[in-house]
Each structure stands twice: as C-alpha cells, then as structure tokens.
Amino acid sequence: MTTPPHFVDVHLVCADGNRTLTIIDVAERQTATTRAKDSDRNDTCQVLDSALAEGQLSMEEHRQRVATATTATTLGQLAGLVSDLQNSNAPVKMPDLKKPDLKKTVRVGAGGGWGMRAAVAGVLVLLGVAIGWGLYGNTSSPLSFTSDPGAKSDGIPATVLTPPKQLQSLGGLNGLLEQMRQRFGDTKGYSLTIYPEYAVLSRADPSDDRRKLSYTYRGGFDDPSTSAKDGDDVIVDLAAFNVEKTVGILRGAAETVGLQQKDVKPDNTYLSIDPSRDPLTPGALTLRASVSSDFGSGSITFAGDGTLKRIDSAID
C-alpha cells in the first residue's frame, strides 16, 4: 500500500487568544485518555504475566489485574496496572504517554480568519480522504480510482481457527494439553496455572539451565518471558493427572470451601498444577483448585488421581 501524502501541520489559535492543539498532533499523540486497542490490552497482560513469573505479583493480584486490563478503555487505565512493576524483562514495552504540548501555535488575526478556516477545511478533507483510503482503499493512491489487481478475488478460502478457550472443562483441559504437545513436543514443565480462558506455563530454558521461561496461552502460546529458577522448580509431566476428576473438583470447589456458586464470578476460579513436595512420590503432581468471592476465598489441594490432601475453607 502506498504511503498517504504528508499533510501540513496546521495549528489553530482563536482570535481571542485561546490555544488549541494541531490536527496532526491530536491524531498521533498517545496520552492517558487515548482509547486503548485490543493490542494494548494484550501487551498489558503480557507484562502482568511476566511480573507473575518473576514473583512480583501473587496469583490473586495477577488475576485481578488481568481482569481489569481486559475491560480497560484508555491507555492511562492500562498504565496504572503496571506502573508499580519492574518490567524491564517483560516481552513488550508499554507506550510512553505524553502530555499535550500547547506551545507551537499560529495566531489567526481577525482579518485572516476566513483564509485560515478555508485552509483548515481543505486539510480536514484531505485528511479524511487519506484515512479512509488507508483503512479501506484498494488503489495505488487515495485519488486513484483504477482497480488494484490485488483487490480482485484470489479464490483462497478463509481459515477459521478454533483453539480451546473454555479451559476449565473436559474438552478445554485436554485441548490445552494437546496444544502443549504440538507446541513443545511434550507436556513437561515446572508449573501450569489454568484460568477459565487463559493459562500460564513455566518451562525450562533450553539455552540456560539457570533460568526458566514463562508462556501465556490465549488460543496459542505467546512468546515467553524469562526469569531465574528457584529451588522449588522441578521438571515434571504436567499432564499426569486425571482430567475428569479434576474438572469435577473444580466445578464443586465453591460449595466445598463453603461459598455459594452464584456469588463466584467465572474468572474467580483457577487451577494450579505443581510438582509434589512428597519425597516418597518423585514426579507426582499436586493440584490446587482455588476459588474466591466477595464473601471469602478457599482452596482444595489434591493429588493427580483426585485423592484429597487438604481443604482450606472460606469460612473460619
């Protein structure tokens, strides 16, 4: 696509001296009130995932911030979710939000008002044409109406991707484990935390045995963030558990810990899978179903075969 023509940077100042921003400045500047895109929300979630992997956030803090990020409407709201984090190791960088600069202006006298208004109107028309062509145009320039061969039908059908999204279900859990096998060749790792619609996987760094890689799954595994290993990191087969029994325990977790299911929001239940700390069962798993609501939180700890280990009730 040909780059749209460069437009004159027009500044406006009313006859009474009140200053306004330039048209181009308003279009390009990112401030705290700029509306957020889906890519901005995804970048923020990646920074939060990196902070979780590095131990800056607890599971509950991470869950709450991710939930807020997915519904944020401005860049300022997203920046507030990561402003207290050390995110130099994060896989993405947040935008540098600027404050409006009102210094560069051109004064419009009372006698020259109509000329400036005509110039501004012309710029607005050209800007509208360029933006519309940039979004929807299929010609070599915004003023060319010759059909572009690239816009003609090529006979290639659409490819619809249907990865598992509802992960806390029989099909969702099995689908997630199969995605791991396809992506990495196995289901081994240090830990796996599964939320209703996304998951966080920690695996060994093949290039440095002192470090680990943290992947976020949202329909696919994104590029990882890296952090140092600690003493509790042990490689296990994270798929070595009974999926059907685990789903059943997840669905009954609220009542098990003394909460009412109607009070628990969908994203307030998550499953963590870690190596067992029992020296008599090397390679075994410990699973924990955690649930919370406005009336408390609790968890159920159990083995890979569904054997109950512990219940932490939400009611004292």
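Residues numbered from 1 in each chain as written. Predicted model: local features only at pLDDT ≥ 70, side-chain atom pairs only at ≥ 80, totals over all residues. Heavy atoms only, no water.

Focus: the packing of aromatic side chains
For the structure on display, the rule yields five aromatic pairs. Seen from their ring centres, Tyr195 and Tyr198 are 4.5 Å apart, and the 10 degrees between their planes marks the pair as stacked. When its relative accessible area of 1% is taken as the criterion, Tyr195 is described as buried. A connected cluster of aromatic rings, assembled from ring pairs, spans Phe184, Tyr215, Tyr217 and Phe221. Above the plane of the ring of Tyr198 lies Arg218, whose end atom (NZ or CZ) is 4.6 Å from the centre. (Phe/Tyr/Trp six-rings, centres within 6.5 Å; stacked < 30°, edge-to-face > 60°. Buried < 20%, exposed > 50% of the residue type's maximum accessible area, 1.4 Å probe, protein only. Lys NZ or Arg CZ within 6 Å of the ring centre and 35° of its normal.)

A word on the environment of Leu48
Topologically, Leu48 is positioned in helix H2 (residues 38-53). A sequence separation of 17 residues divides Leu48 from Arg65, and the C-alpha atoms of the two residues are 7.6 Å apart. In this view, Leu48 contacts Leu57, His62, Arg65, Val66, Ala69, Leu81, Val82 and Leu85; residues no more than four positions away in its chain are not counted. (Helix = DSSP H or I, 4+ residues; strand = E, 2+ residues; numbered from the N terminus. Contact = heavy atoms within 4.5 Å.)

Points about the packing of H2 against helix H4 (residues 75-82)
Their axes nearest at 10 Å, the elements H2 and H4 cross at an angle of 5 degrees. Relative to H4, the element H2 lies roughly parallel. Between H2 and H4, the contacting residues are Asp40, Arg41, Thr44, Val47 and Leu48 on the first element and Leu75, Leu78, Leu81 and Val82 on the second. Taken together, the residues that form the contact of H2 with H4 break down as six nonpolar, one polar and two charged. (Axes fitted to C-alpha atoms, helices over the stretch in contact; angles between N-to-C directions. Parallel < 35°, antiparallel > 145°, perpendicular 65-115°, else oblique. Nonpolar A, V, L, I, M, F, W, Y, C, P; charged D, E, K, R; others polar.)

Looking at the pairing of strand S7 (residues 269-275)
Regular strands place side chains that alternate from one sheet face to the opposite one. Counted residue by residue, S7 has six buried out of seven residues, so it is predominantly covered. By the bridge criterion, three bridges tie strand S2 (residues 191-194) to S7 in an arrangement that is antiparallel. Along S7, the bridge assignment pairs Ile194 with Leu271. With seven bridges joining them, S7 and strand S8 (residues 285-293) adopt antiparallel strand pairing. Counted as the bridge partner of Ile273 is Leu287 from S8. (Pairing = 2+ DSSP bridges.)

Comments concerning the pattern of salt bridges
Scanning all chains against the criterion turns up eleven salt bridges. Asp84 serves as the salt-bridge partner of Arg65, at 2.9 Å between the closest nitrogen and oxygen. Separated by 19 residues along the polypeptide, Arg65 in helix H3 (residues 59-69) and Asp84 in the loop between H4 and helix H5 (113-136) bring together distant segments of the chain. The class of Arg65 is buried, set by a relative accessible area of 19%. Asp312 is the salt-bridge partner of Arg310, the closest N and O atoms lying 2.8 Å from each other. When its relative accessible area of 51% is taken as the criterion, Arg310 is described as exposed. In the salt-bridge network here, residues are joined through shared partners; they are Lys212, Asp230 and Asp233. (Salt bridge = Lys/Arg side-chain N within 4 Å of Asp/Glu carboxyl O.)

Some points on helix H6 (residues 170-184)
With 15 residues, H6 should reach 21 Å at 1.5 Å per residue; the first-to-last C-alpha distance of 21 Å fits that figure. Taken together, the buried positions of H6 are occupied by Gly172, Leu173, Gly175, Leu176, Leu177, Gln179, Met180 and Phe184. Lining the buried residues of H6 we find S2, strand S3 (199-204), strand S4 (211-217) and helix H7 (243-251). At the exit of H6 stands Gly185, carrying a positive phi of roughly 90 degrees. (Expected span 1.5 Å × (residues − 1).)

Details of the nonpolar core
With 36 residues, the main nonpolar core has Leu192, Ile194 and Ile273 as its most contacted residues. Ranked by residue count, the leading element in this core is H6, at five residues. Sequence-distant contacts of Ile273, that is, excluding residues within four places in its chain, are made with Ser191, Leu192, Ile194, Leu238, Phe241, Leu285, Thr286 and Leu287. If you look at the next biggest cluster of nonpolar residues, it comprises 21 residues, including Ala36, Ala72, Val82 and Val92. (Core = buried A, V, L, I, M, F, W, Y, C linked by side-chain atoms within 4.5 Å.)

What about the sheet that holds S2?
Across the sheet, which stays open at both edges, the eight strands sit in the order S5-S4-S3-S2-S7-S8-S9-S10 with antiparallel pairing between neighbours. Two strands close off the open sheet at either side, each with one partner strand: strand S5 (225-228) and strand S10 (308-312). The mean inter-strand angle of the sheet, taken between neighbouring strand axes irrespective of direction, is 15 degrees. Against the sheet, H6 engages S2, S3 and S4, with an angle of about 140 degrees to S2. The strands touched by H7 are S7, S8 and strand S9 (296-303); relative to S7, the strand with the most contacts, the crossing angle is about 135 degrees.

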